[in-house]
Amino acid sequence: MLTWVDLLALLSLALGMALGLRAALPLAFAGAGLLLYLLLAQLGLSGAGWGLGLGLLAGLLAKSLPLPPLPRGLEALLGLLGGTLLGLFLALALWTGFPWEAVGGSLRYPSVNLPTPIYQGVSGSPFAREAFRLAWKTPWLKRALALEGQHPR
């Protein structure tokens, strides 16, 4: 059964896709900005400010650059790809953004020190643990989501 965490994450994914289809090139550039952020995160420039700043800057550039007109279908496809990429990243950030703790030689996600409604929402999610496991085991994603710099709680 889906929890409130899943609904928020899936809403961000759907919103990214819908905005990408509607806004087209600005969201395509925002997706390119996200790819640039993922690249810069590998160099140690991680954090929410970098991703937000690069995405907004790339979206603004799409409005101000004198680009040749693209066919509407291609523009919508590029926007959909960029919006989907942005929505997936936001959904993954929502699923993995809750505190974790080290217990013995393993990790416990989510932390039992969370307030009860939040703990129940994250622990009952069919996606949150798998998303955290994926992010934790993938080095470039771990750096991009700034999980390696967190201290266990």
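Computed from a predicted model, the values in this text were never measured in an experiment. (Residues numbered from 1 in each chain as written. Predicted model: local features only at pLDDT ≥ 70, side-chain atom pairs only at ≥ 80, totals over all residues. Heavy atoms only, no water.)

J.: Could you clarify how one ought to interpret the packing of helix 1 (residues 4-23) against helix 4 (residues 72-96) in this entry?
T.: When two helices pack together, their arrangement is given by the angle between their axes and by how far apart the axes lie. With their axes 6 Å apart at the nearest point, helix 1 and helix 4 run at an angle of 160° to one another. Classified by the interaxial angle, the pair formed by helix 1 and helix 4 is roughly antiparallel. Crossing of helix 1 against helix 4: the hand is right-handed. Contact with helix 1, carried on its side by Val5, Asp6, Leu8, Ala9, Leu10, Ser12, Leu13, Gly16, Met17, Gly20, Leu21 and Arg22, involves Arg72, Ala76, Gly79, Leu80, Gly83, Thr84, Gly87, Leu88, Leu90, Ala91, Leu94 and Trp95 of helix 4 and no other residues of that element. Considered class by class, the residues forming the contact of helix 1 with helix 4 number 14 nonpolar, 7 polar and 3 charged. (Axes fitted to C-alpha atoms, helices over the stretch in contact; angles between N-to-C directions. Helix = DSSP H or I, 4+ residues; strand = E, 2+ residues; numbered from the N terminus. Parallel < 35°, antiparallel > 145°, perpendicular 65-115°, else oblique. Left-handed = near helix turned anticlockwise from the far one by under 90°. Contact = heavy atoms within 4.5 Å. Nonpolar A, V, L, I, M, F, W, Y, C, P; charged D, E, K, R; others polar.)

J.: What is the right way to look at unusual backbone geometry in this model?
T.: Glycine aside, the phi torsion of most residues is negative, and most peptide linkages are trans. Here the bond from Tyr109 into Pro110 is cis, since omega is -5°, no more than 30 degrees from zero. The residue Pro110 is located in the loop between strand 2 (106-108) and helix 5 (116-123) in this model. Notably, Ala24 is not glycine yet its phi reads approximately 60°, a positive angle. Tracing the chain through its elements places Ala24 in the loop between helix 1 and helix 2 (25-41). In this structure Ala24 comes out as buried when scored by relative accessible area, which is 0%. (Buried < 20%, exposed > 50% of the residue type's maximum accessible area, 1.4 Å probe, protein only.)

J.: Can you help me understand helix 2 in this one?
T.: Note on helix geometry: an α-helix contains 3.6 residues per turn, so any two residues three or four positions apart are oriented the same way. Compared with an ideal rise of 1.5 Å per residue, which puts 17 residues at 24 Å, helix 2 spans 24 Å between its outermost C-alpha atoms and is within 8% of the ideal. Counting buried residues in helix 2 gives 12 out of 17 residues, a clear majority hidden from the surface. For helix 2, the complete set of buried residues consists of Leu25, Pro26, Leu27, Ala28, Ala30, Gly31, Gly33, Leu34, Tyr37, Leu38, Leu40 and Ala41. (Expected span 1.5 Å × (residues − 1).)

J.: Could you clarify how one ought to interpret the confidence of the model for the protein chain in this entry?
T.: Close inspection of predicted coordinates is inappropriate for parts of the model with low pLDDT. With 92% of its residues at a pLDDT of 70 or more, the protein chain shows a mean pLDDT of 84. The weakest mean pLDDT in the protein chain belongs to helix 3 (residues 48-64) at 71; the strongest belongs to helix 1 at 93. (pLDDT = per-residue confidence, 0-100.)

J.: I tried to follow the pattern of salt bridges on my own but got confused; where do I start?
T.: What the rule picks out here adds up to 3 salt bridges. Between Arg72 and Glu75 there is a salt bridge, with the nearest N and O atoms lying 3.9 Å from each other. Residue Arg72 and its partner Glu75 are located together in helix 4, separated by 3 residues, close to a single helical turn. Ionic pairing is found between Arg133 and Glu130, a salt bridge with its closest N-O pair at 2.4 Å. Here the residue Arg133 and the residue Glu130 both occupy positions in helix 6 (residues 128-137), the gap between them amounting to 3 residues, near one helical turn. Among the residues examined, Arg133 registers a relative accessible area of 38% and is labelled partly exposed. (Salt bridge = Lys/Arg side-chain N within 4 Å of Asp/Glu carboxyl O.)

J.: Explain the side chain of Ser12 here, please?
T.: Looking at the element boundaries, Ser12 is found in helix 1. Of the residues examined, Ser12 reaches a relative accessible area of 13% and is grouped as buried. A polar atom in the side chain of Ser12 sits 2.7 Å from the backbone oxygen of Ala9. Among residues more than four places away in sequence, those in contact with Ser12 are Gly87, Leu90, Ala91 and Leu94. (Polar contact = N/O pair within 3.5 Å; in protein donor to acceptor, adjacent residues only side chain to side chain.)

J.: How should I be thinking about the nonpolar core in this particular structure?
T.: Nonpolar side chains tend to gather and get buried jointly when the protein is soluble and globular. By size, the foremost hydrophobic cluster in this structure holds 25 residues, and its most contacted members are Tyr37, Phe89, Trp95, Tyr109 and Leu145. Elements with a minimum of two residues in this core: helix 1, helix 2, helix 4, helix 6 and helix 7 (139-144). Examining the composition of this core, we find that 5 residues originate from one element, helix 2, more than from any other. (Core = buried A, V, L, I, M, F, W, Y, C linked by side-chain atoms within 4.5 Å.)

J.: Hey, could you run me through the environment of Trp136 in this one?
T.: Along the polypeptide, Trp136 turns up in helix 6. Taking relative accessible area as the criterion, Trp136 reaches 24% and is therefore assigned partly exposed. With 19 residues separating them along the chain, Trp136 and Pro117 place their C-alpha atoms 24 Å apart. Apart from residues lying up to four places away in sequence, Trp136 is in contact with Trp100, Leu107, Lys142 and Leu147.

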